[in-house]
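# Fold and geometry: a report
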Amino acid sequence: SRRLSTVMPSGNRTQPRFLRLPEVLNLVGVTRSTLYRWMDAGTFPKQISVGGNTVVWVESAVTAWMEDQMASR
């Protein structure tokens, strides 16, 4: 299997990190219903099912979304 890695601005490689819902809500600062409304509208990264009832978000996708939001203000 292929390993995914992200290149940080410093040039360091890091492994992708998954965030659970409470971490995403804390980072973004919105309610669960707002987050899911944004995902339904296609304006926020979708979660990934990792088995059973567990869903996660890729940290780099969430932080890129946050950076886009700051840049567009």
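Not measured: the values here are computed from a predicted model. (Residues numbered from 1 in each chain as written. Predicted model: local features only at pLDDT ≥ 70, side-chain atom pairs only at ≥ 80, totals over all residues. Heavy atoms only, no water.)

Right, let's get into the overall build of the chain. A tally of helices and strands in the chain yields 3 helices and 5 strands. The N-to-C order of helical and strand elements in the chain reads β-β-β-α-α-β-β-α. Split into buried and exposed, the 73 residues of the chain put 19% on the buried side. Summarising the internal contacts of the chain: among those between residues at least 6 apart in sequence, 30% fall at separations of at least 24. (Helix = DSSP H or I, 4+ residues; strand = E, 2+ residues; numbered from the N terminus. Buried < 20%, exposed > 50% of the residue type's maximum accessible area, 1.4 Å probe, protein only. Contact = heavy atoms within 4.5 Å.)

Turning to the pattern of salt bridges, a few remarks are in order. For the coordinates displayed, the defined rule picks out 2 salt bridges. One salt bridge in this structure joins Glu23 and Arg17, with 3.4 Å as the shortest N-O distance. Across the pair Glu59 and Arg17 runs a salt bridge, and its minimum N-O distance is 3.5 Å. Highlighted residues: Glu59 in helix α3 (residues 59-71) and Arg17 in the loop between β2 (13-14) and β3 (18-19), separated in sequence by 42 residues. (Salt bridge = Lys/Arg side-chain N within 4 Å of Asp/Glu carboxyl O.)

This paragraph deals with the nonpolar core. In terms of nonpolar packing, the biggest core is built from 11 residues, these being Leu19, Leu21, Val24, Leu25, Val28, Leu35, Met39, Phe44, Trp57, Val62 and Trp65. Looking at this core, the elements with two or more residues in it are α1 (21-28), α2 (32-41) and α3. Examining the composition of this core, we find that 4 residues originate from one element, α1, more than from any other. When residues no more than four places from it in sequence are discounted, the contact partners of Leu19 are Val24, Leu27, Val56, Trp57, Glu59 and Val62. (Core = buried A, V, L, I, M, F, W, Y, C linked by side-chain atoms within 4.5 Å.)

A few words now on α2. Taken residue by residue, α2 has Thr34, Leu35 and Met39 as its buried positions. Taken down its axis, α2 places every buried residue within 140 degrees of arc, on the same side. Seen from the open side of α2, the exposed residues pointing more than 90 degrees away from its buried face are Asp40 and Ala41. Those residues of α2 that are buried lie in contact with α1 and β5 (54-58). Directly beyond the C-terminal end of α2, a positive phi value near 80 degrees is found at Gly42. (Arc of directions from axis to C-beta.)

Overall, antiparallel pairing links the 3 strands, which are arranged β3-β5-β4 in an open sheet. Only two strands of the sheet have a single partner each, and these edge strands are β3 and β4 (48-51). Bridge count between β4 and β5: 3 bridges; the pairing is antiparallel. Bridge pairing in β5 places Ser49 opposite Val55. (Pairing = 2+ DSSP bridges.)

Read these as spatial facts, not as claims about activity.
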